[in-house]
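An overview of the molecular structure
The primary structure of each chain is shown beneath.
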Amino acid sequence: SQGIALEEMGLSPPHPQPNFPLDGKAAVVEWDKRKIWRKFAENYYLFLGTPSRMWLDHVFATVFDLKKRLSPETADLYFDTINDALKTDAFRPRALFERFNIELISTTDGSVDPLEAHQKLHADGWGKKVIPCFRPDDAIDPDHENFRMTVAELGRQTNEGVATFDSYLRALRARRAYYKKMGATATDHGPPSAFTTILAKADIEKLFAKALSTGLTAVEAEYYRGHMLVEMARMSLDDGLVMQIHPGSYRNHNAKLFTMFGRDKGADIPRAVDYTSALRPLLNELGNEVSFRLIIFTLDETSYARELAPLAGHYPALKVGPAWWFHDSPEGMRRYREQITETAGFYNTVGFNDDTRAFLSIPARHDVCRRMDSGILAKWVCEHRMTEEEALNVARDLTYNLVKQNYNL
Amino acid sequence: SQGIALEEMGLSPPHPQPNFPLDGKAAVVEWDKRKIWRKFAENYYLFLGTPSRMWLDHVFATVFDLKKRLSPETADLYFDTINDALKTDAFRPRALFERFNIELISTTDGSVDPLEAHQKLHADGWGKKVIPCFRPDDAIDPDHENFRMTVAELGRQTNEGVATFDSYLRALRARRAYYKKMGATATDHGPPSAFTTILAKADIEKLFAKALSTGLTAVEAEYYRGHMLVEMARMSLDDGLVMQIHPGSYRNHNAKLFTMFGRDKGADIPRAVDYTSALRPLLNELGNEVSFRLIIFTLDETSYARELAPLAGHYPALKVGPAWWFHDSPEGMRRYREQITETAGFYNTVGFNDDTRAFLSIPARHDVCRRMDSGILAKWVCEHRMTEEEALNVARDLTYNLVKQNYNL
Amino acid sequence: SQGIALEEMGLSPPHPQPNFPLDGKAAVVEWDKRKIWRKFAENYYLFLGTPSRMWLDHVFATVFDLKKRLSPETADLYFDTINDALKTDAFRPRALFERFNIELISTTDGSVDPLEAHQKLHADGWGKKVIPCFRPDDAIDPDHENFRMTVAELGRQTNEGVATFDSYLRALRARRAYYKKMGATATDHGPPSAFTTILAKADIEKLFAKALSTGLTAVEAEYYRGHMLVEMARMSLDDGLVMQIHPGSYRNHNAKLFTMFGRDKGADIPRAVDYTSALRPLLNELGNEVSFRLIIFTLDETSYARELAPLAGHYPALKVGPAWWFHDSPEGMRRYREQITETAGFYNTVGFNDDTRAFLSIPARHDVCRRMDSGILAKWVCEHRMTEEEALNVARDLTYNLVKQNYNL
């Protein structure tokens, strides 16, 4: 956002475009990691006030025992200290897992992932500590760039084929069963909206066939996704996998960046999301089921008090996931508790989980959440809105008990 | 929301559905009130952090003089204490009315209510203390399940008939006059949206006839409601009844619950509401009239600073009602003042009124609002944003003067 | 908003409507300025809690050295003190400019303004202190009441004519060049929405011709504006003028007031605005350009954390403007920092600028912002989220450095 090209930070575009130089100059990929680190240190002040800054400071201080702040002056000290540490056995992932006192991590895996790493973890006795999560966006969103390939692979892997919509559903069930066998307790869904619908059998069959042949229009794709979310919910009722939905991100917003560097390069931008009308078909079929669990995450904070807390305060199946992504931050967490609690209480939320891809930042992220939740509880104790004993119970529930309970751990 | 069936809490569905057992088990209605109360006490911790909890604690402590907190251990003590108290004369409604130092309560009454209770209150000299409020949703919303029945009854009661749209308007005017005679100073409207419109006479006449014969489409019904809100505003300009609109609730969101237990069982969920465009036709006709008063309540807090405060800060007719329903809570009230005051000041709001159906909770609800408003005023005094004297004046206006003034009391 | 007619405050409608008396009484224009001032003083308490009140108190105390608060009792003292002061040389605009320690003011000027005042300022050596800003709404929004007149004048002034869309673009470029020559560093755009689009050449040419002949439909006008915003952005890339967009106001909401008194009488009401989808066409063409600068202001605070901070945290060209208009207030500024900083940091914002038309209030407005930002920084220092030294650096950047840097000053 400050005009430093990704190439300057060492990212090499897999698909460089000859006609996309920034400002007329083709960017040169920097390979010298120490130089890249120095540039990062020079610009570290830009992160002030952001949670990224807070997590990094926490990691530097607590994981690497660095006592001075990162700055142009300390850049080399940091570079060397971190590199030296990473070479030691104490910094192997499993050693850090123990050091961080982590009980369980879940990966997120596309619907046709063979889960080989998880097989190895099982063989090593780590199968209960690192579990997979079934994320079938690539198999149920016709707009996903790998949709057809994934559906074909789905039929192949499960020996169900995907000649009919029914065989496709059977293949999805088979994959879910495999993930469950490998330790999964949940599924994860990232549709562009929260739209759900229940189509007549003939209609969804027609859409399925069309999606695999000529492709769907934008509206048809939305109906397809909306119906498939309900199918996923039905399967969850049967197999007990907790269903997580986190809608509302406009993925790959920056077309040029996407063309050059591909997905997931930071250009996903939230949008306003309706839940009240959108989730009604799914909730009307399954929201009253106490053995179905649906956890909703949102990027649109306006829905906390207006829609999600009232929905979670009513439907037994529905819980609100923690403040997430852009809102997984001190102020964001405060807004979350202040806007959710009064209508949904604490016990229609699921405790904290982070979705970091930065392994070293896990303690920092949980530390931030515990501090923020504790701060709010302390304030409410001081205002005589609860007793200290009650607050301590809630604190334990938010950090540990609610998580285990809601994710069937 | 925690999976305890309404039947377990003693609710007996008037329309049980043989094919709607929760999780495959038909729920059994619990009739033993002491057992129900014990279950409530066991689960009382679930309410932590909610205003319901705060109101209940306040009622237990101040109305029933219970000194220990409600818990499984104190459940029987509570049950017996409350039952004993309720048998005494001191706990008769009128005695509590005096004890609570209430000056006035308004009921809310459908458009063809004979107001028999109010006739009795008048006969007893209580006619100035408990007044009705005209709520004609059942007569002006074609989607209301009793619409046709109510319209027919309207014509019968008023001897106007409802053969034409004009006679229907005359019948509505006659009912308003009756409510006013019985003490009403206000009307109350709960449309799904804030949409208003002014249709040509021929068009609304056509819609009226169609609504009573074959019925309206969803879009026609919205236009009908939008036009009728303007008709209600016109009548308010004439008869001086203050008009209250509180749009934006998706009523009876849980279809199965509605089928089994009927309306108003806690399954009304808010939605995003547009006011700026939606109210413009009504405000363009009547917003400049100083003798018309329109009070808007919202369930969509995003409209506080963006739409309602600017509208109330401009149109003489328009005032913003207090934080309401899901937002009638400590944090909700703080958000209300912080987001409304800077554009609309205090004097385009109407003080606090609660809409509780729990008579015993009235003092608690006003207590919460007074504490929150006082807290904000105190903060602003400390920040030198007003003097202590000014804050004390505002405090009195918010609790008493603005209410009387804006509701013509 | 409190039912005092504009006429009572001395406003004389340029276009009085015989059939628009407020409440049946034709309002009488009050000409006695002292009487008007007394009425203002009597009603001054109504402003309690608003920033208007805060700015006025600040101006009275610091600019006019008035020690007692404005009230009915001090109304005459204020009236006389202010009038006496305004007659002195010390209260001439340029003297106050120096006294207020202002470095630079920008005016906002329609697209065919001859900028005569700026020519005089240049002649007096004030050309670097008071600069123009190019605001072409009247030339690029077909719904602007002066659109055709302005476009014709544009062609005349620049000798380009406006026979074709290309000549119209050349004329706009010529006007921008003239503003730049007169000191402008920025343009300013106030469209009803943030919608942008890139039309095929033949399509925009057709719309241009139709806009000048039979006029456009509402949808066509939106496409026209959306395309023209992209054209303006392209011109900014070429000529270096910083582009400011502040969408989302429903202008002249009160039709009767507009008919009687004309534009800009306080009846502009914000609406919900989508940025994520709306700005994508513009950002996809120009958002990655480090030499293009786009500053977005919003009246819809829900977009801070959800859309604007994520967009500004990604696109090099995009920055978020300060809390504006209805939100240029203590609580509004707090919400701004709390919702923007965590995703966009401080360095994707542009420091504070106010858009007051009340010259005397400039120090007050900056004072409020500095206090609020300092308060937030102090809080974050106390919470160990930054060091005191870092906070002091940020404070200087927010008040001075970021402004100069982002507006090319």
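Structural notes, computed from the coordinates. (Residues numbered from 1 in each chain as written. Chains lettered and ligands numbered in written order. Predicted model: local features only at pLDDT ≥ 70, side-chain atom pairs only at ≥ 80, totals over all residues. Heavy atoms only, no water.)

In this model, Asn159(B) sits at a positive phi of 60°, which is unusual for a non-glycine residue. Despite not being glycine, Asn101(C) shows a phi value in the positive range, around 60°. By the element assignment, Asn101(C) lies in the loop between helix 4 (93-99) and strand 1 (105-106). Overall, the relative accessible area of 68% leaves Asn101(C) in the exposed class. (Helix = DSSP H or I, 4+ residues; strand = E, 2+ residues; numbered from the N terminus. Buried < 20%, exposed > 50% of the residue type's maximum accessible area, 1.4 Å probe, protein only.)

So, on to the interface of chain A and chain C. Listed by partner, the interface residues are 41 residues for chain A and 39 residues for chain C. Inspection of the chain A/chain C interface yields 6 salt bridges. Here Glu331(A) and Arg385(C) are joined by a salt bridge, their closest N and O atoms 2.9 Å apart. Where chain A packs against chain C, one counts 26 residue pairs in polar contact (both at pLDDT 80 or more). (Contact = heavy atoms within 4.5 Å. Salt bridge = Lys/Arg side-chain N within 4 Å of Asp/Glu carboxyl O. Polar contact = N/O pair within 3.5 Å; in protein donor to acceptor, adjacent residues only side chain to side chain.)

Scanning the model with the defined rule gives 123 salt bridges over all chains in all. For the salt bridge of Arg53(C) with Glu390(B), the shortest nitrogen-to-oxygen distance reads 2.6 Å. Of this pair, Arg53(C) sits in helix 2 (residues 51-63) while Glu390(B) sits in helix 16 (residues 388-406), each in a different chain. Across the pair Glu98(C) and Lys129(C) runs a salt bridge, and its minimum N-O distance is 3.8 Å. Of this pair, Glu98(C) sits in helix 4 while Lys129(C) sits in the loop between helix 5 (116-123) and strand 3 (130-131), placing them 31 residues apart in sequence. In this structure, a network of salt bridges that share partners links the residues Glu331(A), Arg334(A), Glu342(C), Lys379(C), Glu383(C) and Arg385(C).

Let us look at the state of the cysteines. Going through the model one piece at a time under the given rule, you end up with 0 disulfides over all chains. No disulfide involves Cys382(B); its sulfur sits 17 Å from that of Cys382(C), the nearest cysteine. When its relative accessible area of 61% is taken as the criterion, Cys382(B) is described as exposed. (Disulfide = S-S within 2.5 Å.)

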